[in-house]
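# Structure at a glance
The residues making up each chain are set out below.
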Amino acid sequence: MAAEPSFQPLPHRPMRPEDLAAVHALEVRAYEFPWTQGIFRDCLASDYPARVVERDGAIVGYFLLSIAAGEAHILNICIAPELQGQGHGRALLHVLLQIARARRVQRIFLEVRPSNPHAIALYHDEGFNEIGRRPRYYPARKGREDALVMALELFNDA
């Protein structure tokens, strides 16, 4: 029996203004209620840590992170729908955590839809805990959907 090939994370690099059209196109494919291109532009203008993941020269994933006062907030993390469930989201989350640790972040927050069990499972698996709920946070087909608020404590290895 042949061994399964080991997972190889896709290459990542900082997000640049010229990436915004491709990032937004991916956002539109991945989410029913996508961000506008202007939101991405504003995040880059605010110098938020942001990375894109590429495969064969095409952007197939990204994240944006806000950092202030020792805390970080995952604003958006996305992998192309056809690549989800293969470990690329986890690999991208690990890149995000490395950046947060390098910037001496002590705690990371995020919101996630209760209707997204795969993301919730990933975050739990990576050590995030549910700490609250934001009522009617997300747009939904029938009005609004709550957000689960999750957090991860980062500890210095020093």
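Please refer to the structure higher up on the page.
Here we summarise the structure given alongside this text. The model shown is predicted, which means the values in this text are computed figures rather than measured ones.

### Digging into the pairing of strand E2 (residues 50-55)
For a regular strand, side-chain orientation follows a simple rule: the groups alternate between the two sheet faces. Note that strand E1 (residues 12-14) and E2 share three bridges and pair antiparallel. Across the sheet, Pro-14 pairs through a bridge with Arg-51, a residue of E2. Of the pairings in the sheet, the one linking E2 to strand E3 (residues 58-68) comprises six bridges and is antiparallel in character. Looking across to E3, one finds that Glu-54 is bridged to Ile-59. Adjacent in sequence and paired antiparallel, E2 and E3 are bridged by two residues, among which Asp-56 carries a positive phi angle near 55 degrees.

### A few points about the state of the cysteines
Inspection of every chain in the model, using the stated rule, returns zero disulfides. Cysteine Cys-43 is unpaired, with the sulfur of Cys-78 as its nearest cysteine sulfur at 14 Å. A residue is classified by how much of its surface remains accessible, and Cys-43, at 6% relative accessible area, is buried. What makes Cys-78 buried here is its relative accessible area of 2%.

Analysis parameters
- Residues numbered from 1 in each chain as written.
- Predicted model: local features only at pLDDT ≥ 70, side-chain atom pairs only at ≥ 80, totals over all residues.
- Heavy atoms only, no water.
- Pairing = 2+ DSSP bridges.
- Helix = DSSP H or I, 4+ residues; strand = E, 2+ residues; numbered from the N terminus.
- Disulfide = S-S within 2.5 Å.
- Buried < 20%, exposed > 50% of the residue type's maximum accessible area, 1.4 Å probe, protein only.

Function cannot be inferred from these measures alone, as they are strictly geometric.
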